[in-house]
Amino acid sequence: MTVAADDSFTFAENEDYTVEGWVKTDQVVGTVMSEVDASIITSSDGTQREYEIDGVNYVSQTFTHPNTNDMTTSFSFTVSETVVADVMVLAGGGGGGGGYYNSGGGGAGGLRQITGHTITAGTHIVTVGNGGSSSHTGVNGGNSSFMTISATGGGGGATHPGTGSNGHDQDGGSAGGSSQRNSSGYPTSGGNAGDYDPPEGYFSGPAWWGGATGGGGAGGVGYPDTQLSTNAADVVAGHGGPGVENNWSTGTNIMYGGGGGGSFRSGYSLQGSGGSGIGGDGGDSGNGYGRNATADTGSGGGGGWHLNGGAGSGGVVVIRLSPSAVDSPPKSIITTGTTGLKLGSSG
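Given the structure is predicted, the values throughout are model-derived calculations rather than measurements.

Description of the overall build of the chain
Part 1 of the reasoning: Secondary structure summary: the chain contains zero helices and 20 strands in total.
Part 2 of the reasoning: The proportion of buried residues among the 347 residues of the chain is 52%.
Part 3 of the reasoning: Residue pairs in contact within the chain that sit at least 24 positions apart in sequence constitute 61% of those at least 6 positions apart.
Part 4 of the reasoning: Total accessible area on the chain stands at roughly 14,000 Å², and carbon and sulfur atoms take up 46% of it.

Here's the deal with the sheet that holds strand β11 (residues 144-146)
Part 1 of the reasoning: The strand order across the open sheet formed by four strands is β6-β10-β11-β12, and the pairing between neighbours is antiparallel. Only two strands of the sheet have a single neighbouring strand rather than two, namely β6 (72-79) and β12 (149-151). Each strand axis lies, on average, 15° off the axis of its neighbour in the sheet, ignoring direction.
Part 2 of the reasoning: Where β11 meets β12, three bridges bridge the pair, whose relative direction is antiparallel. What sits directly across from F146, in β12, is I149.

Thoughts on the environment of S76
Part 1 of the reasoning: Here S76 shows up in strand β6.
Part 2 of the reasoning: With relative accessibility at 23%, the residue S76 sits in the partly exposed group.
Part 3 of the reasoning: Separated by 34 residues in the primary sequence, S76 and T42 place their C-alpha atoms 9.9 Å from one another.
Part 4 of the reasoning: Sequence-distant contacts of S76, that is, excluding residues within four places in its chain, are made with S43, D45, F63, T123 and H124.

Things to note about the nonpolar core
Part 1 of the reasoning: With 23 residues, the main nonpolar core has F63, F77, I119, V126, F146, V317 and I319 as its most contacted residues.
Part 2 of the reasoning: Within the residue set of this core, elements represented by two or more residues are β5 (56-64), β6, β7 (83-90), β10 (122-129), β12 and β18 (316-326).
Part 3 of the reasoning: The dominant element in this core, judged by the number of residues it contributes, is β7, at four residues.
Part 4 of the reasoning: Residues in contact with V317, not counting those within four places in the same chain, are Q61, T62, F63, M88, V89, V126, T127, V128, S144, S145 and F146.
Part 5 of the reasoning: Membership of the second largest hydrophobic core comes to eleven residues, among which are Y58, M88, L90 and V316.

Regarding the side chain of D284
Part 1 of the reasoning: Note that D284 resides in the loop between β16 (254-256) and β17 (304-305).
Part 2 of the reasoning: A distance of 3.1 Å separates polar atoms of two side chains, one belonging to D284 and the other to R291.
Part 3 of the reasoning: Non-local contacts of D284, meaning those with residues more than four positions away in its chain, are made with F264, Q271, R291 and W305.

So, the pattern of salt bridges
Part 1 of the reasoning: According to the stated counting rule, one finds two salt bridges in the structure shown.
Part 2 of the reasoning: Linking R320 and D86 is a salt bridge whose minimum nitrogen-to-oxygen distance equals 2.9 Å. Linking R320 in strand β18 with D86 in strand β7, this pair joins segments that are 234 residues apart in sequence. Comparing R320 with D86, the two get one shared label, buried.
Part 3 of the reasoning: The salt bridge involving D284 is made with R291; its shortest N-O contact spans 3.1 Å.
Part 4 of the reasoning: The buried category is assigned to D284, whose relative accessible area is 18%.

Thoughts on the pairing of β7
Part 1 of the reasoning: For β7, the buried fraction is high: seven of the eight residues fall into the buried class.
Part 2 of the reasoning: Note that β7 and strand β9 (residues 111-119) share seven bridges and pair antiparallel. By the bridge assignment, V83 is partnered in β9 with I119.

Section: the confidence of the model for the chain
Part 1 of the reasoning: Summarising the model, the chain shows a mean pLDDT of 81, and 76% of its residues fall at 70 or more.
Part 2 of the reasoning: Contacts from residues 326-347, a stretch scored under 50 in pLDDT, to residues over four places away or in other chains number 87 contacts.

Re unusual backbone geometry
Part 1 of the reasoning: The linkage connecting D197 with the following residue, P198, adopts the cis geometry, with an omega of 5°.
Part 2 of the reasoning: Tracing the backbone shows P198 in the loop between β12 and β13 (226-227).
Part 3 of the reasoning: If you check the backbone angles, D296 has positive phi at about 60° while not being a glycine.
Part 4 of the reasoning: Residue placement: D296 occurs in the loop between β16 and β17.

Rules used throughout
- Along each chain, residue indices are assigned from 1 in the same order as the chain's sequence is written.
- Given that the model is predicted, a residue must reach a pLDDT of at least 70 before its local features are reported, and side-chain atom pairs must reach 80 or more before they are shown or counted; all residues, however, enter totals for whole chains, interfaces and linings.
- Side-chain numbers come from the whole structure's heavy atoms, not from hydrogens or water.
- Comment: elements are numbered from the N terminus, with helices defined as DSSP H or I runs of at least four residues and strands as E runs of at least two.
- Per-residue accessibility, obtained with a 1.4 Å probe over protein chains only, is compared with the maximum for each type, and a residue is labelled buried under 20%, exposed over 50%, and partly exposed between these values.
- Residue contacts are counted whenever heavy atoms from the two residues lie within 4.5 Å of one another.
- The Shrake-Rupley method, run with a 1.4 Å probe sphere, supplies the accessible areas, and residue values consider only the shown protein chains as cover.
- A pair of strands counts as paired when DSSP detects no fewer than two bridges linking them.
- For helices, the fitted axis covers only the stretch in contact; all axes are lines through C-alpha atoms, and the angles between them, taken along N-to-C directions, range from 0 to 180 degrees.
- In this text, buried Ala, Val, Leu, Ile, Met, Phe, Trp, Tyr and Cys residues form a nonpolar core when linked through side-chain atoms within 4.5 Å.
- Two N or O atoms form a polar contact when they lie within 3.5 Å of each other; inside protein one atom must be a possible hydrogen donor and the other a possible acceptor, and for residues adjacent in sequence the pair counts only when both atoms belong to side chains.
- Salt bridge, as used here: a side-chain nitrogen of Lys or Arg that lies within 4 Å of a carboxyl oxygen of Asp or Glu.
- Confidence scores per residue from the predictor, reported as pLDDT, run from 0 to 100.

Next up, the structure:
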């Protein structure tokens, strides 16, 4: 049956109807579930998911780094018509430093979350950065990008050279942590290397008490070392900065972009923890290796004690389409008894 624009039709209760065309929801009594046609995305790369939030169906395409030796990997994303999408671009996290005494945690990869981004019909390149490798020197993570949206790889953690001097963190999407100290503590610097607003990441806190600091996170500053008592050696290394939650990939919140924790130092108390439980923990007296960050979260690796720092984890790119994203009219499915449904233009 065809209902002309601006006409009304009364639906029976507890019946399902499929309506082609725009629905003026302010004319509807009941629940309207909207859906977007997943076939608009014709890419074979990435992982496609369909999910529902509050009665609205979404389609997402998620791209992750295959964890090869390449710092970046490229994919294609193809749509058959122009769409407006939500796009998350997360760069790879920095690796932790691996110093003679103590080492800073790696910084999280830069995180960009853009809503209402227009994607023209055709094929576009998606680039995903790898995490910085496990090394004796903190290695920066790889950059990620999609169209005009870019994010900077996380900074590698500082490495203490073993000569009594102080190791400096590296800049990035979020900055890597510092090692050792100077008389006034390291200044808080680095992070948001792309100079974005809002920032893609944060800096590392200063090293005050001879302990290493945590790498900056996508959601906040990496923590400085902390003295727990009047005992000069009673120090905890800095924890990694916090990450940020996002649900665009699966419909359920996933934590991204935690900073790596600073390492233990001989004669001092404890190593720092990775930010938000996804950054790598710092190395300790029982196991000096910095811990690796959680895979596919763009987080920083933990700093190492006498041994290598932990590896940062690869970045992620998520492209999410909703019914309002598509130029052509979506389908609307009426799931409850509805009266006075009015069809017409989207305005």
